[in-house]
Amino acid sequence: MQSGTDQAIGIDGTRQPKGPGVAKGLLKMRETGLIAIILLLVVVMSFASPYFLTWVNIRTVIMAFAVEGIVVVGMTILLISGGIDLSVGSVTALAMVIGGWLFLAGFDPWIASAIAIGCCTAVGAFMGFFVTKIGLHHFIVSLAVMVIARGICLLGTGGRPLGLYTLPPEFKFIGQGSLGPVPVVILTFIVIVVIFDILLRRTTMFRKVFYTGSNERAAAYSGIRTKRVIFATTTLCSTLCGVAGVIYMARFGSAQPTFGIGMELNVIAAAVIGGASLNGGTGTIFGAILGAALLSLVSSSLALLDVSVYWQDIIRGSILLAAVTIDLFLNKRRG
Amino acid sequence: MTDVVLKLSGIHKSFGSVQALRGVDLTMRRGEIHALAGENGAGKSTLMNVIDGILAPDRGTISWEGREVTIGSPTEAQKLGIGLVHQEIALCPDVSVAENILMAQMNMSRRLFVDYAALEARAAEVLGQLADIDPRQRAGDLSISNQQLVEIAKALTLDCKVLILDEPTAALTDKEAQILFGIMRRLADRGIAIIYISHRMAEIFDNCDRVTVFRDGRHISTMQVSEIEPQDVVKAMVGRVIDDLYPDKADAPGSDVVLDVRNLSEATRFRDVSFHLKRREVLGIAGLIGAGRSEIAKGICRIEGDITGEVWLNGKPLKLRDYGESIDAGMVYLSEDRKGSGLFLDMSIAENISALDLSRIARRGGRIDARKEHARARELGQRLGLKYGRLSDPVSSLSGGNQQKVAIAKMLSVDPALIFLDEPTRGVDVGAKAEIHRILRDLAQSGVGIVVISSELPELIGLCDRILVIREGRVGGEVTGNEMTEEAIMSLASGVAFEGAAQ
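Model, not experiment: these values are computed from the prediction.

Here is what the cut-offs are and how they apply
- Per-chain numbering applies: the sequence of each chain, read as written, is numbered from 1 onward.
- Each chain is given a letter, starting from A, and each ligand a number, starting from 1, according to the order in which they appear as written.
- A pLDDT threshold of at least 70 governs which residues receive local features in this predicted model, and a stricter bar of 80 or more applies before side-chain atom pairs are shown or counted, although totals over entire chains, interfaces and linings include all residues.
- Computation of side-chain values covers all heavy atoms of the structure but excludes hydrogens and water.
- In this text, helices come from DSSP runs of H or I with a minimum length of four residues, and strands from runs of E with a minimum of two, each type numbered from the N-terminal end.
- Residue burial is assigned from relative accessible area. The probe radius is 1.4 Å, only protein chains are included, and a residue is buried under 20% of its type maximum, exposed over 50%, and partly exposed in between.
- Pairs of residues are marked as contacts when any of their non-hydrogen atoms sit within 4.5 Å.
- What sets the accessible areas is the Shrake-Rupley method with a 1.4 Å probe; for residues, cover comes only from the shown protein chains.
- For two strands to count as paired, DSSP must find a minimum of two bridges between them.
- Axis lines are fitted through C-alpha atoms, for helices just across the contact stretch, and the angle between N-to-C directions can take any value from 0 to 180 degrees.
- Like charges are joined within 9 Å and nonpolar side chains (Val, Leu, Ile, Met, Phe, Trp, Tyr) within 5 Å, but only among residues with over 30% relative accessible area and no salt bridge; these make up the patches.
- What counts as a salt bridge is simple: a side-chain nitrogen of Lys or Arg found within 4 Å of a carboxyl oxygen of Asp or Glu.
- Neither His nor the chain termini are counted; the positive set is Lys and Arg, and the negative set is Asp and Glu.
- Every charge is mapped onto a representative atom, which is NZ of Lys, CZ of Arg, CG of Asp or CD of Glu.
- A residue's bend is simply the angle between two axes: one fitted to the seven residues ending at it, one to the seven starting at it.
- Confidence of the predictor at the level of single residues is captured by pLDDT, which takes values from 0 to 100.
- We define the nonpolar core as a collection of buried residues of types Ala, Val, Leu, Ile, Met, Phe, Trp, Tyr and Cys that are connected through side-chain atoms lying within 4.5 Å of one another.
- A 3.5 Å cut-off defines polar contacts: any pair of N or O atoms within that distance qualifies, except that in protein one atom must be a possible hydrogen donor and the other a possible acceptor, and neighbouring residues in sequence count only when both atoms are side-chain atoms.
- For this classification, Asp, Glu, Lys and Arg are treated as charged, while Ala, Val, Leu, Ile, Met, Phe, Trp, Tyr, Cys and Pro are nonpolar and the rest, including Gly, are polar.
- Two aromatic rings, drawn from Phe, Tyr or Trp (for Trp, its six-membered ring), form a pair once their centres lie within 6.5 Å of each other, and the interplanar angle then sorts them: stacked below 30 degrees, edge-to-face above 60, tilted otherwise.

### A look at the overall build of chain A
Assigned secondary structure in chain A consists of 15 helices and four strands. Residues classed as buried in chain A amount to 49% of the 335 residues present. For chain A, contacts bridging at least 24 residues in sequence account for 78% of all contacts bridging at least 6. When the accessible surface of chain A is totalled, it reaches about 15,900 Å², and 71% of it is carbon and sulfur.

This is the structure in structure tokens:
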């Protein structure tokens, strides 16, 4: 060990150890730890309940977080750029309500959905404007929009759910259908996750998101138009809320103005458990989805074990605290 | 011995696989000013953090006034009587100067309400010895050098027996530094032992009693300053003799002009600035802090400020709208504030180096080619003699000198036509400094335009072929060849004729 240290410091750039480093890097990664915890939980639960490792249950667990997972993608990217969005639940409900209302007014459901998603994008752009041009903090702007969007939902529906019984089956398919044994919702979710995970890891466009979140001034001093980046990530997050809202509409066959209350906490918790930092600059989509999966898995396990619903919130909150604390500890040790 | 206040023996400290300290000793006597020298990464800051209770040593003993102690936290260090002024400024920008200075006392006070009048009076008293700073001002509104003085004032209010100053003059002007040395001497006469960390030989030899040199985490020697020469310290620091801190100058600059700036003005910061830079020439920009040196460079690169006037680069007029376009045109700016706006500390070395122009490491469709990115970073790292473990390590894991090399590599990654370097060797040790100077000269020789902004006059004189002096936002004058003396530059910078300005 002692001889190894002399090599580690002060080595010349030409000699780079490669092989063992990769394995070590993998061990350090947040994702590896989360997968280990999830696998451990799965093993324990498969002993505790024979029902656990059935396809029906696995599908239920994934379905439980798949649509919300789309919002997690948007939130993670926004967190990496240094922002945050508390309005995701309200904006998702807004997409449902606008889509449902337009459909009832006689629009084709696909066109109604496209307009609904467009409205959510506009809401995101509205927030982006207040953050980048006026200079308000994301937290405040999205808090205000959270309340306003919820208000619009309630105003537009009189507070009652809109029944959309006449939605055509080909539209309902995106929320309720299956291709083989796999629900379309899960497929959509996987496609979105994979696309954004690759974009985020591999493209110059999204690399700028990391630079901006890591040090906005240094990014500006690197010629990056940081305000545009922040505007774009803010807008993207709301757009993905719109997509999620439309899928929920197809899945439930109704538009619920009170849907998604408290969603922001779940979504932020998932992203943070998955390694995103509220200070910006770090995070991965894959990690955030593992975070969402872990939260969902814990909920379903507790349900299978007949634990009171009230305990679930306490346990989920504790997981969030534990994840962040462990991460802080590891970072300090490294540091 | 009764006059020994603090004695450290055999201190070991490692971070993971890196051994920062390998059994170092340090003895502090009452009333001495003890310089601690060593290249970046030699272990000076680590040892200071051990003394201040921020880090716990792996092995070794600390004794305080003859009694063995363990220092578990900065608060415990303060209670013993140890004050530390960090190299980095760590003020609370949103509260007043007075509250910053007396934070520790407020922290320990058991009173419910704060007596602001008394607070300000005390702060004013301490500050009065240092500089003309209003204690009611918001700390964040102060210039960097004034913030540094507030940091020092903060330590002075603690009733300490050992005061540690970690490169306190890095952000100060010569005059402010002289005032600080006067204060240090008075404190030492009162029996306080001062540990003074610095790279600057002149400061050590003019002001310190003893000097201890570290290298690679080891104690190399402790010497009586009066008995040695600066070369002895430099030799101990680098383990070899550095004959030339500055490379040879260009024989004759080329006839073609790289940069031509005509009548450049900005609303408030500078007016009617005209200058040019010839091929193979290194141009220096001197001036007092606040004269507008950095602002001119940032204005030309369109980083901040709305400018009027003309900028010609390699014979073509530039019409730039933002810094992104300046980078595309081949004109880049190295920030003086490495940590605040130069680097992404938590991101990897490779990611930092490629930040200026991602299209260079991308394949079609904007996909990042990780292999290309690493190859580019490795090549530039080699060219600059960068010392690192892995390219995927965060920049924060590097020493100051190597961080600066990453920042320079970032500039070079776009094959620039012209680089403005703002304080390129601030907080960089002697060895790395000489290397950076050589790199800049080589770049100029190869045809890249080099403009260096620096507060260190010896650096400008040693490195540059010509020096432009800025005074209050205007060109105060220009010196070249043998006219480049500290006196000449200072008189142009301040508008006052100096006689024997050094004292």
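### Quick look at the sheet that holds strand S19 (residues 466-471) of chain B
Sheet strands pair via backbone hydrogen bonds, and the direction of the pair is either parallel or antiparallel. All names here are of chain B. Here we have six strands laid out as an open sheet, ordered S16-S17-S18-S13-S19-S20, and mixed in their pairing. Only two strands of the sheet have a single neighbouring strand rather than two, namely strand S16 (331-334) and strand S20 (474-480). With direction set aside, neighbouring strand axes in the sheet form an average angle of 20 degrees. Two elements, strand S13 (residues 282-287) and strand S18 (residues 449-453), share four bridges in a ladder whose sense is parallel.

### Topic: a positive patch on the surface
Together, Arg 202 of chain A together with Arg 363, Arg 364, Arg 367, Arg 371 and Lys 372 of chain B give the surface a local cluster of positive charge. Assignment of secondary structure puts Arg 367 of chain B in the loop between helix H13 (349-353) and helix H14 (370-384). For Arg 367 of chain B, a relative accessible area of 37% translates into the label partly exposed.

### Some thoughts on helix H4 (residues 55-80) of chain A
Residues and elements named next belong to chain A. In the structure, H4 departs most strongly from a straight axis at Val 67, where the bend amounts to approximately 40 degrees. Among the 26 residues of H4, 19 are classified as buried, and the element is accordingly described as predominantly covered. A positive phi of about 100 degrees marks Gly 82, the residue just after H4.

### Considering the sheet that holds strand S11 (residues 257-266) of chain B
An order of S12-S11-S14-S15 (chain B) is seen for the four strands of this open sheet, with the pairing classed as antiparallel. Only two strands of the sheet have a single neighbouring strand rather than two, namely strand S12 (273-278) and strand S15 (316-317) of chain B.

### A look at the pairing of S18 of chain B
Residues and elements named next belong to chain B. Most of S18 is tucked away, with five of its five residues classed as buried. Side-chain alternation along S18 places Gly 449, Val 451 and Ile 453 on one buried face and Ile 450 and Val 452 on a second face that is also buried. Here strand S17 (residues 418-422) runs beside S18; their pairing, made up of five bridges, is parallel. Residue pairing for S18: Leu 421 is matched across the bridge by Val 452.

### Overview of the confidence of the model for chain B
Residue and element names in this part refer to chain B. With 95% of its residues at a pLDDT of at least 70, chain B reaches an overall mean of 86. This stretch, residues 498-503, has a pLDDT under 50; its non-local contacts, to residues over four places away or in other chains, come to four contacts. For this predicted complex, the interface score ipTM comes out at 0.81, alongside a pTM of 0.76.

### Overview of the nonpolar core
Counting residues in hydrophobic clusters, the biggest one holds 97 residues, and the most contacted among them are Val 73, Ile 77, Phe 196, Tyr 211, Ile 285 and Ile 289 of chain A. When residues no more than four places from it in sequence are discounted, the contact partners of Ile 289 of chain A are Phe 65, Gly 69, Val 72, Val 73, Phe 189 and Val 193 of chain A. Counting residues in hydrophobic clusters, the runner-up holds 79 residues, among them Leu 313, Val 428, Ala 444 and Ile 489 of chain B.

### A word on the interface of chain B and chain A
Listed as interface residues are 40 residues of chain B and, on the opposing side, 30 residues of chain A. For Arg 207 of chain A, the salt bridge goes to Glu 351 of chain B, with nearest N and O atoms at 3.9 Å. Taken together, the connections running from chain B to chain A amount to 12 residue pairs in polar contact (both at pLDDT 80 or more). Listing elements by their share of the side of chain B that touches chain A, those giving two or more residues are strand S2 (18-29), helix H11 (323-329), helix H12 (338-342) and H14 of chain B. It is H12 of chain B that provides the largest number of residues to the side of chain B that touches chain A, a total of four residues. Its residues assigned to classes, the side of chain B that touches chain A comprises 16 nonpolar, 10 polar and 14 charged.

### Details of the pattern of salt bridges
Residue and element names in this part refer to chain B. Under the counting rule described, the total for this entry stands at 35 salt bridges over all chains. Ionic pairing is found between Asp 134 and Arg 136, a salt bridge with its closest N-O pair at 3.4 Å. Ionic pairing is found between Lys 433 and Glu 456, a salt bridge with its closest N-O pair at 3.0 Å. Placement of Lys 433 in helix H16 (residues 430-445) and of Glu 456 in the loop between S18 and helix H17 (457-463) is noted, with a sequence separation of 23 residues between them. This pair shows no difference in class: Lys 433 is buried, exactly as Glu 456 is. Each of Asp 357, Arg 360, Arg 376, Glu 379 and Asp 415 takes part in a single network of salt bridges with overlapping partners.

### Quick word on the packing of aromatic side chains
Residue and element names in this part refer to chain A. Applying the stated rule across the entire model yields 11 aromatic pairs over all chains. The interplanar angle of 90 degrees and the centroid separation of 5.6 Å between the aromatic rings of Phe 129 and Phe 130 together place this pair among those described as edge-to-face. Here the aromatic rings of Phe 252 and Phe 259 are separated by 5.7 Å at their centres, their planes lie at 55 degrees, and the arrangement is tilted. Members of the aromatic cluster, joined through ring pairs, are Phe 126, Phe 129 and Phe 130.

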